[in-house]
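# Reading the structure
What follows is the residue order along each chain.
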Protein chains: 2
Amino acid sequence: MSVQERKERERAVRERLIVATARELAEQQGWDAVTTRRLAERIEYSQPVLYSHFRGKREIIGAVALEGAAELAAVVRAAASAADGPRERVAALARAYLDFAERNPAVYDAMFQLEGGLAFAAEDTPEPLKDAFAALLESLGEVAGDGVHPGLFTELFWAALHGVATLTRAGRLPPEYLEPRLELLVDRLAIT
Amino acid sequence: MSVQERKERERAVRERLIVATARELAEQQGWDAVTTRRLAERIEYSQPVLYSHFRGKREIIGAVALEGAAELAAVVRAAASAADGPRERVAALARAYLDFAERNPAVYDAMFQLEGGLAFAAEDTPEPLKDAFAALLESLGEVAGDGVHPGLFTELFWAALHGVATLTRAGRLPPEYLEPRLELLVDRLAIT
DNA sequence: TTGATTGTCTAGCGATGCTAGGATCGAGTC
DNA sequence: GACTCGATCCTAGCATCGCTAGACAATCAA
């Protein structure tokens, strides 16, 4: 069975290569530039190989999104654990979130803008997505305020962050006032 | 000069027909279904006619977005003027905004999700977009709180609404708690 | 060595946004 | 009223897209 195991290992390596290449290409030239042909050429295989790993382009985007969700969760947790006190923890979390969105625009798009074929807030929601939300909940739950459901509060805070992130990156909000915007958001929403 | 004027009038009518048809098709079957061929067929002209009015598909989306911005501004103003007191005005505004996004998903996408080739928060921002923001500012400015720049506050509130609207419609937020989410948003952000 | 299975590639389908070039029509002139 | 000429529109086609069928090659068991 060793030879079969080797093949499976090689397949897994190639699958990671596909996802990493798609992500790299998307960050470099945008998701429009990520065509199956270009992607196949970069990994030095033919197009049909992609379809032996994923159902289609959407699933590749979804794979990048899952990878991003795991990273976002880690980034958020790291920022929160490095800050002292609830208020500073939330501010650090917000900064880390917006920073992640700014530094990884293509990944962020894969997660929230493009249809990656992922289910949210449902039974079959993939683990990384649930965990990313959990990471937010850990720090945000403690500043929800009395009588306010922590999950509901986290959803709202997250939505606000998401709105700021997307509108800023789409050129809809002037980027220079990002910091005061963030301070205002934390001061108003979080109850410490 | 009468014949030339008539031609210009007919051209204007046809241009409105294109935009209206694109919008209708997008609301019915989504923007993916709005292809230049289908659009041309619906208006009973050939494809190249579209390109005599717009540079490309993006500009058509942009035209729909401008139309939507004007409607959104009107909807927001109507809701605000029908409510008594700052707090209720803001709540009515938020409800109207989210309601608009839910009832006109394709138009909302054209405005904020798809690249319609429109400039925001800049010198050459089209008038309807500026006016939509102004409509928000009129009601939101009065609840910004002391020492907080009204424009900055409006941007933040808008971003929060936008986040709730997009995440809800994308299935990222459970829709059943929309009302309490809205109440929480208004209670926390607005200072009355 | 042979036969079968697994893996990969070439070639192609239908559809996309967009455009070049020819056909057609109608306004203005004799 | 016939004719010219410019504006207007359509047919046909290009390059590219996501995706797939079928031929081919490599690898394994017998």
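Small disclaimer: the values here were computed from a predicted structure and weren't measured.

### Notes on the overall build of chain A
Regarding its fold elements, chain A presents nine helices and zero strands. Scanning chain A from its N terminus toward the C terminus, one meets helices and strands in the order α-α-α-α-α-α-α-α-α. When the 192 residues of chain A are sorted by exposure, 49% land in the buried category. Taking the intrachain contacts of chain A between residues at least 6 apart in sequence as the baseline, contacts between residues at least 24 apart amount to 65%. Accessible surface computed for chain A: about 9,400 Å², of which carbon and sulfur atoms make up 51%.

### Considerations on the protein's contact with DNA strand C
Every one of the 17 residues lining DNA strand C counts as a neighbour, but Arg14 and Ser46 of chain A together with Thr35, Thr36 and Lys57 of chain B are closest to it. Counting only the atoms of DNA strand C within 4 Å of the protein, the fraction contributed by sugar and phosphate is 51%. Within the contact set of DNA strand C, a phosphate oxygen lies 2.9 Å away from a side-chain nitrogen or oxygen of Arg14 of chain A. A distance of 2.9 Å separates a phosphate oxygen of DNA strand C from a polar side-chain atom of Tyr51 of chain B. At the level of secondary structure, the elements contributing two or more residues to the surface near DNA strand C comprise helix 3 (47-53) of chain A together with helix 2 (36-43) and helix 3 (47-53) of chain B. Classifying every residue of the surface near DNA strand C by side-chain character gives seven nonpolar, five polar and five charged.

### Observations concerning the nonpolar core
Counting 123 residues, the largest nonpolar core has Tyr97, Phe153 and Phe157 of chain A together with Tyr97, Phe153 and Phe157 of chain B as its most contacted members. The residues contacting Phe157 of chain B, other than those within four sequence positions of it, are Val90, Leu93, Ala94, Leu140, Leu185, Val186 and Leu189 of chain B.

### Comments concerning the interface of chain B and chain A
Listed as interface residues are 34 residues of chain B and, on the opposing side, 34 residues of chain A. Taken over both partners, the interface formed by chain B and chain A buries close to 3,000 Å², and the fraction arising from carbon and sulfur atoms is 68%. Its largest share of buried area at the contact with chain A, chain B owes to Leu156, Arg172 and Arg188 of chain B, together 26% of the area lost on that side. Residues Glu155 of chain A and Arg181 of chain B are paired through a salt bridge, measuring 2.5 Å at the closest nitrogen-oxygen approach. Between the two partners, chain B and chain A, sit eight residue pairs in polar contact (both at pLDDT 80 or more). Counting only elements with at least two residues in the side of chain B that touches chain A, the list comes to helix 6 (105-112), helix 8 (150-169) and helix 9 (178-189) of chain B. Grouping the constituent residues of the side of chain B that touches chain A by class yields 24 nonpolar, six polar and four charged.

### Concerning the UniProt feature "domain: HTH tetR-type" (unreviewed entry) in chain A
UniProt's entry tags residues 12-72 of chain A with the feature "domain: HTH tetR-type" (unreviewed entry), counted in the numbering of this structure. Along residues 12-72 of chain A, the helical share is 80% and the strand share 0%, with 23 Å between the first and last C-alpha atoms.

### Some points on the protein's contact with DNA strand D
DNA strand D sits among 17 residues. The nearest are Thr35, Thr36, Arg37 and Lys57 of chain A together with Ser46 of chain B. Backbone atoms, meaning sugar and phosphate, form 53% of the atoms of DNA strand D found within 4 Å of the protein. For DNA strand D, a base oxygen lies 2.8 Å from a polar atom in the side chain of Arg37 of chain A. One of the side-chain nitrogen or oxygen atoms of Tyr51 of chain A is found 2.9 Å away from a phosphate oxygen of DNA strand D. Mapped by element, the contributors of at least two residues to the surface near DNA strand D are helix 2 (36-43) and helix 3 of chain A together with helix 3 of chain B. Of the residues that constitute the surface near DNA strand D, the class distribution is seven nonpolar, five polar and five charged.

### Some remarks on the pattern of salt bridges
All names here are of chain B. Tallying each qualifying case throughout the model produces 30 salt bridges over all chains. Taking the shortest distance from any N to any O, the salt bridge between Asp131 and Arg77 comes out at 3.0 Å. Note that Asp131 is positioned in helix 7 (residues 127-140) and Arg77 in helix 4 (residues 57-81), a separation of 54 residues in sequence. Using a relative accessible area of 31% as the deciding quantity, one classes Asp131 as partly exposed.

Definitions and limits used
Residues numbered from 1 in each chain as written. Chains lettered and ligands numbered in written order. Predicted model: local features only at pLDDT ≥ 70, side-chain atom pairs only at ≥ 80, totals over all residues. Heavy atoms only, no water. Helix = DSSP H or I, 4+ residues; strand = E, 2+ residues; numbered from the N terminus. Buried < 20%, exposed > 50% of the residue type's maximum accessible area, 1.4 Å probe, protein only. Contact = heavy atoms within 4.5 Å. Areas by Shrake-Rupley, 256 points an atom, 1.4 Å probe, with all protein chains shown as cover. Near = heavy atom within 4 Å. Polar contact = N/O pair within 3.5 Å; in protein donor to acceptor, adjacent residues only side chain to side chain. Nonpolar A, V, L, I, M, F, W, Y, C, P; charged D, E, K, R; others polar. Core = buried A, V, L, I, M, F, W, Y, C linked by side-chain atoms within 4.5 Å. Buried area = accessible area lost by both parts, 1.4 Å probe. Salt bridge = Lys/Arg side-chain N within 4 Å of Asp/Glu carboxyl O. UniProt positions renumbered as here; feature names shortened; annotations may be inferred.

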